[in-house]
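Structural overview for review
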Amino acid sequence: MYETNSSKIVHQGRAFVVRVDEVVLPDNKGTANFDIVQHPGGVGMLPIDADDNVLMVSQYRPATGETLLEIPAGTREIGEDAAVTAHRELQEEVGMKAGSLVKLSAAYLAPGYSSELLHIYLATDLTPSQLPLDADETIEVVKIPFADLLAQVQRGEMRDGKTVMAVLLAAAN
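Note that the coordinates shown come from a computational prediction; the quantities given were computed from them, not determined experimentally.

What counts as what
In this convention, every chain numbers its residues from 1, walking through the sequence in written order. Two thresholds apply to this predicted model, a pLDDT of at least 70 for residue-level local features and 80 or more for giving and counting side-chain atom pairs, whereas whole-chain, interface and lining totals are computed over all residues. Calculated side-chain values reflect all of the structure's heavy atoms, with hydrogen atoms and water omitted. Helix and strand definitions follow DSSP, with helices as H or I runs of at least four residues and strands as E runs of at least two, each counted in order from the N terminus. With a 1.4 Å probe rolled over the protein chains alone, any residue whose accessible area is under 20% of its type maximum counts as buried; one over 50% counts as exposed, and the rest are partly exposed. Any two residues having at least one pair of non-hydrogen atoms within 4.5 Å are treated as being in contact. Each accessible area is a Shrake-Rupley estimate made with a 1.4 Å probe; only the visible protein chains count as cover when residues are assessed. Strands were regarded as paired on the criterion that DSSP finds at least two bridges between them. Every angle, taken between N-to-C directions, lies between 0 and 180 degrees, and every axis is a line fitted to C-alpha atoms, over only the stretch in contact when it is a helix. Multiply 1.5 Å by the residue count of a helix minus one, and that product is the helix's expected span.

Each helix and strand counted, the protein chain has 3 helices and 10 strands in total. Each helix (α) and strand (β) of the protein chain, taken in turn from the N terminus, gives the series β-β-β-β-β-β-β-α-β-β-β-α-α. Overall, the protein chain is about 60 × 35 × 30 Å in size when its C-alpha atoms are taken along their principal axes. The buried share of the protein chain, taken over its 173 residues, is 40%. Of the contacts made within the protein chain by residues no fewer than 6 positions apart, 55% connect residues no fewer than 24 positions apart. Element-wise, carbon and sulfur atoms account for 51% of the exposed surface of the protein chain, whose accessible area totals about 9,800 Å².

Rendered as structure tokens:
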């Protein structure tokens, strides 16, 4: 059985905390330090309009050094219901409100070092409803037919993991 001996915060950021946990290993193997990104969790939405187009966002991601095409997504406020976050982020990022929001799944993005649990939703029955973008976001909305996006995922051309997951989950339903 694993047991945490100690936990030390080494960075307190806007969206997450980085801590180092000293963990007792099973079978008398001693202890090990683990770097952990403590994250409140997030949401990703696959918004599909009445013409079967997916509303995607194109934005520069400093961590990758690339502009990526992704489903809209965002970070939950601490204690906030994931569906509430999904409705807000959809309005902020693509200017739409979903009449129907169906949860497809929830998955840890990188459980080897992060606690972030991402909730994936299918958003349909879209109507215009804009909220202001976060101050650090510059986003271009791009419409792609769902069939074309699915083909991109199947060919391995989509580089954003949450988008791949959302598209495959929606295709399976």
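Next comes the rest of the description.
Right, let's get into the sheet that holds strand 9 (residues 117-128). Strand order in the open sheet made by the 4 strands is 7-4-9-8, with mixed pairing throughout. Both edges of this open sheet fall to strand 7 (73-75) and strand 8 (96-108), since each of them pairs with a single strand only. Between one strand and the next, the sheet's axes are offset by a mean angle of 25°, whatever the strand orientation. Looking at chain direction, strand 4 (residues 42-47) and strand 7 are connected through 3 bridges and run antiparallel. Along strand 7, the bridge assignment pairs Gly42 with Thr75.

Moving on: the sheet that holds strand 6 (residues 66-70). With antiparallel pairing, 3 strands are arranged side by side in an open sheet as 6-5-10. The outermost strands of the open sheet, each flanked by one partner alone, are strand 6 and strand 10 (140-145). Adjacent strand axes in the sheet meet at a mean angle of 30°, parallel and antiparallel pairs treated alike. Where strand 5 (residues 53-61) lies against strand 10, 6 bridges are found, and the strand directions are antiparallel.

What follows covers the pairing of strand 3 (residues 31-38). Where strand 2 (residues 17-24) meets strand 3, 8 bridges bridge the pair, whose relative direction is antiparallel. Opposite Val24, over in strand 3, you have Thr31 as the bridge partner. With antiparallel pairing between neighbouring strands as the criterion, strand 2 and strand 3 make up a hairpin whose turn holds 6 residues, including Asp27 at a positive phi of roughly 60°.

For helix 1 (residues 82-94), which comprises 13 residues, the first-to-last C-alpha distance of 18 Å matches the rise-based estimate of 18 Å (1.5 Å per residue) to within 8%. Among the 13 residues of helix 1, 10 are classified as buried, and the element is accordingly described as predominantly covered. Within helix 1, burial applies to Ala82, Thr85, Ala86, Arg88, Glu89, Leu90, Gln91, Glu92, Glu93 and Val94. Along its buried surface, helix 1 packs onto strand 4, strand 5, strand 7, strand 8, strand 9 and strand 10.

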